[in-house]
Structures are given as C-alpha cells and as structure tokens.
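Structural features, examined
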Amino acid sequence: MKLVVALPLVLSSLLAVSSMAKDFDFFYFVQQWPGSFCGTSQGCCFPDTGKPAADFGIHGLWPNYAQCQGSLAARAVLGEDDVAAAVISAVGRRGKCWPEYCDNGNALRPWAIRDLVKSLEQNWPTLSCKGGGRSFEFWSYEWKKHGTCSNLEQRDYFASALAVKAAHNLTAILAGAGIVPSESERNSVSSVSEAIAQGTGFTANLECNRGADGEAQLFQVYQCVDKEAKQLIDCPLSMPTKCRGDRVKLPVF
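Within any chain, residue numbers begin from 1 and follow the written order of that chain's sequence. Two thresholds apply to this predicted model, a pLDDT of at least 70 for residue-level local features and 80 or more for giving and counting side-chain atom pairs, whereas whole-chain, interface and lining totals are computed over all residues. Side-chain descriptors were evaluated using all non-hydrogen atoms of the structure, hydrogens and water having been removed beforehand.

1. Here's the deal with the pairing of strand β2 (residues 57-64)
Rules: Only protein chains enter the accessibility calculation, which uses a 1.4 Å probe; a residue whose area is less than 20% of its type maximum is buried, one above 50% is exposed, and one in between is partly exposed. Runs of E in the DSSP output that reach at least two residues are strands. Runs of H or I that reach at least four are helices, and both are numbered from the N terminus. Two strands are counted as paired when DSSP detects at least two bridges linking them.
Burial analysis of β2 places eight of its eight residues in the buried class, which makes it a mostly covered element. When strand β1 (residues 26-32) meets β2, the two strands line up antiparallel, connected through seven bridges. Looking at the pairing, valine 30 lines up with glycine 60 of β2.

Dropping the structure here:
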C-alpha cells in the first residue's frame, strides 16, 4: 500500500525536474571580438572556411536566471530537503545561475539548420583550435549545453541568434561612436557601454581579456534578450568586466 502512495510522489518529483530544467528568466546573447580572442598568448585557429570577417561573432545564446537558484528555492517549492537536493543535482543548478545540458540526448542535427549554414559560418564561426576548425562542432556544443534549455527547436534557436545579431550590428554601432579597431587607440569602458546603449536602446554587460602584451582588450559583449529570444532588454544583472583600468583596446583583426 505504501508503494502505491509513493509512486505519485516519485512521478511528481520527476515532473518537477523536467519543468525546472527549462525554467529561466532571460537570455544572454554573447558576441566576441575576434581580434581579442586571437590576440592572447594562446592565439586562435581559423575555421576550415577561412579567416572570419573583422566583425563581432556570436559566441552563444544562453538561458540565464535573474537570481541564482539554490537549495532554499527548491525546498520552498518541494518542501523536502532530500527531494530538493535530488532535483537540484539532476538539473545541474547547484551553485550556478543558469540551466545547462537539459537534454543530452537531443544532439544537433545537420539537416535541421541546413538553410542557415552559410549565415552561421559568417556570423558564428569557431576560433578555437579544438575541433579541427569545424564550426559545426562549436554549434553542436552550444546547442547541447545551452540550446537544449532554451525552449526552442534547433533551427529556431540558431535563427533567433542570427536575427538578434542582424538587428543590432555591434561593429557598426561602435564605429559610429568612433570606436574602431586600432593598435594604438584606447577607449574608455564607459564610452563603449554608452555607445552600445545608445545604438541599441538597451544596456549590456562587457567582458575584457588580456592580450599577449598584457593590455586589457574588449573581448565579449553580453546583450540581454527576452525569454522568447526576440527582443533586447536591459540586462537585469551586472557582472564584473575583468577590465584592467578604465581604457581598453579593440585590436585589429
């Protein structure tokens, strides 16, 4: 008799895991400057399609929580410490602020994005030396880690990222503010932030890295997008820029 009673509880717990796995508040749409990726001491490798254009390239479209989720939040919903711990472990949320790997069996299918490949090669190229220069390996990783948590179908996930990039050309926006690739000029972090806010209408988060010469470089721009992956929003979270000092370089690529 106890087993019969327990079965609904087990099923409800599994359903909770399934529903929580794709629960998030907004997307981070992340683009990286190729000159900053390649300008570190580690360097980079070009994809098999050749050197990408001197343009911000897509890194990913990442579901994110507005507040970090933890055991207290799970307990408030489930009311049981042991079940809460199991749920958090199952969906990978312990100590993290985003969902990831929500469906490991849902591998990216080449034919699902066949009509987007040319645009993806131009706007979402790999610069990593892993994967033998095959951008599809990069896209597959991003889909498996982030896309499976997006509540979007495979083609829609990539098409949405491409649409956001096309609607807000960061390279052109910065150039319009006089911020262009240079080996000698440096720009204040605030001027970069203001240019993006004015050009898009929304605030974004910035990330710097260090070049081989030790200088701070503008590396990645984190724009925030609504849960439908259609419209930019002001970023609900701030993040450390990792910039050294107030002025950063946008290296030539």
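Next comes the rest of the description.
2. Digging into the nonpolar core
Defined as follows: We call a set of buried Ala, Val, Leu, Ile, Met, Phe, Trp, Tyr and Cys residues a nonpolar core when their side-chain atoms join them within 4.5 Å. Working rule for contacts: check all heavy atoms of both residues, and any pair within 4.5 Å makes them a contact.
Ranked by internal contacts, the top residues of the largest apolar core, which has 22 residues, are Phe29, Leu61, Ile113, Leu120, Trp124, Trp139 and Phe158. Going through the elements one at a time, β1, β2, α6 (135-145) and α7 (154-167) are the ones with two or more residues in this core. Apart from residues no more than four positions distant in its own chain, phenylalanine 158 is found in contact with Leu108, Ile113, Leu116, Leu120, Trp124, Trp139 and Trp143. Listed in part, the 21 residues of the second largest apolar core include Trp33, Val189, Ile196 and Val221.

3. Regarding α7
Where we set the bar: Each helix should span, by expectation, one fewer than its residue count multiplied by 1.5 Å.
For α7, which comprises 14 residues, the first-to-last C-alpha distance of 21 Å matches the rise-based estimate of 20 Å (1.5 Å per residue) to within 8%. Considered for burial, the residues of α7 that qualify are Gln154, Tyr157, Phe158, Ser160, Ala161, Leu162, Val164 and Lys165. Those residues of α7 that are buried lie in contact with β1, β2, α5 (117-123), α6, β5 (216-225) and β6 (232-233).

4. Observations regarding the pattern of salt bridges
Oppositely charged side chains can form a pair if their charged atoms are brought close together. Going by this rule: Definition used for salt bridges: Asp or Glu carboxyl oxygen within 4 Å of a side-chain nitrogen of Lys or Arg.
Applying the stated rule across the entire model yields seven salt bridges. Between aspartate 55 and lysine 165 there is a salt bridge, with its nearest N and O atoms 2.9 Å apart. Taken together, the positions of aspartate 55 in the loop between α2 (34-38) and β2 and lysine 165 in helix α7 put the pair 110 residues apart, joining distant regions of the chain. For aspartate 55, a relative accessible area of 21% translates into the label partly exposed.

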